[in-house]
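Here's the letter readout for the chains.
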Amino acid sequence: MDSLTKDQLDECRKLFTIFDVNGDNKISSRELGAALRGLRINISEAEVRDLITNVDTNQNGSLEFAEFCKLYADHLGSMLNQEKLLSTLAAFDKNATGSVDSQELRQILTTQGEPLTEAEVDEVFRDAGIGSGPFEYKNLANLLLT
Ligand SMILES: [Ca+2]
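Residues numbered from 1 in each chain as written. Predicted model: local features only at pLDDT ≥ 70, side-chain atom pairs only at ≥ 80, totals over all residues.

Looking now at the nonpolar core. By size, the foremost hydrophobic cluster in this structure holds 16 residues, and its most contacted members are L32, F68 and Y72. Looking at this core, the elements that each hand over two or more residues are α1 (6-19), α2 (29-38), α3 (45-55) and α4 (65-92). Apart from the residues lying within four places of it in its own chain, the contact partners of F68 are C12, F16, I27 and L63. Core analysis: the next-biggest nonpolar cluster, separate from the first, contains 9 residues, L85, V100, L109 and I130 among them. (Core = buried A, V, L, I, M, F, W, Y, C linked by C-beta atoms within 7 Å. Buried ≥ 20, exposed ≤ 12 C-beta atoms within 10 Å, placed from the backbone. Helix = DSSP H or I, 4+ residues; strand = E, 2+ residues; numbered from the N terminus. Contact = placed C-beta atoms within 7 Å.)

See below:
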């Protein structure tokens, strides 16, 4: 768990308490799936099981706190940032077309959440083939996760 900062650990503990609906100090695949979908993260049951399998050190099919923290460090933190970013983008997309102006996008990426540098934005734009004009932000999430 040394890869998490104190703030992340606090966030992790808070999430664990919220996700653990029945309070048995472990998170089942059902609880994890429901919690993620509650956060508007689109995830299938099979994907939830994969997430758990990746970090389920004692292989009992559910996540104890240490396992949950590993999930947070490996996947969950970036998924939640992605969700925040998409919400931010949607807020800029006033007429709900699913796209934002690329200059606005640059502004958002360099100031919101975990800000990217101009050079990192250039790289993301290059990878995504983003030029000037509108950008379909719905496709951005997957790009940032890889
Ligand atoms: Ca376990």
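Don't stop here, the text continues.
A few words now on helix α6 (residues 118-128). Residues that lie three or four places apart on an α-helix share one face, since the helix turns once every 3.6 residues. Along α6, only 0 of the 11 residues are buried, which leaves the element largely exposed. At the C-terminal side of α6, G129 shows a positive phi close to 65°.

Taken as a whole, the protein is organised into domain 1 (6-76) and domain 2 (93-145). Summarising the inter-unit geometry, the C-alpha centres of domain 1 and domain 2 are found 28 Å apart. (Domains from an automatic or database assignment.)

This part is about unusual backbone geometry. You will see that N25, though not glycine, has its phi angle at about 65°, which is positive. Note on placement: N25 falls in the loop between α1 and α2. You will see that Q59, though not glycine, has its phi angle at about 50°, which is positive. As for its position among the elements, Q59 is in the loop between α3 and α4. Take Q59: there are 7 C-beta atoms within 10 Å of it, and that puts it in the exposed class.

This next bit is on the packing of α1 against α4. Two numbers describe how α1 lies on α4: the axes approach to 10 Å, and their chain directions differ by 115°. Considering their axes alone, α1 and α4 lie roughly perpendicular with respect to each other. Here α1 runs over α4; the crossing is right-handed. Counting all contacts with α1, which are made through Q8, C12, L15 and F16, the residues of α4 involved are F65, F68, C69, Y72 and G77. Residue composition of the contact of α1 with α4, grouped by class: 7 nonpolar, 2 polar and no charged. (Axes fitted to C-alpha atoms, helices over the stretch in contact; angles between N-to-C directions. Parallel < 35°, antiparallel > 145°, perpendicular 65-115°, else oblique. Left-handed = near helix turned anticlockwise from the far one by under 90°. Nonpolar A, V, L, I, M, F, W, Y, C, P; charged D, E, K, R; others polar.)

Inspection of the secondary structure assignment puts A90 in helix α4. According to the C-beta neighbour criterion, A90 is partly exposed, with 14 such atoms within 10 Å. In sequence terms A90 and R37 are 53 residues apart; their C-alpha atoms lie 18 Å from each other.

What follows deals with α4. At Y72, α4 shows its maximal bend, which comes to roughly 60°. Inspection of α4 places F68, C69, K70, L71, Y72, L76, L85 and L89 among the buried residues, and these make up the whole buried set. Residues of α4 that are buried in the fold lie against α1, α3, β1 (99-101) and α5 (102-111). (Bend = angle between axes of the 7 residues up to and from the residue.)

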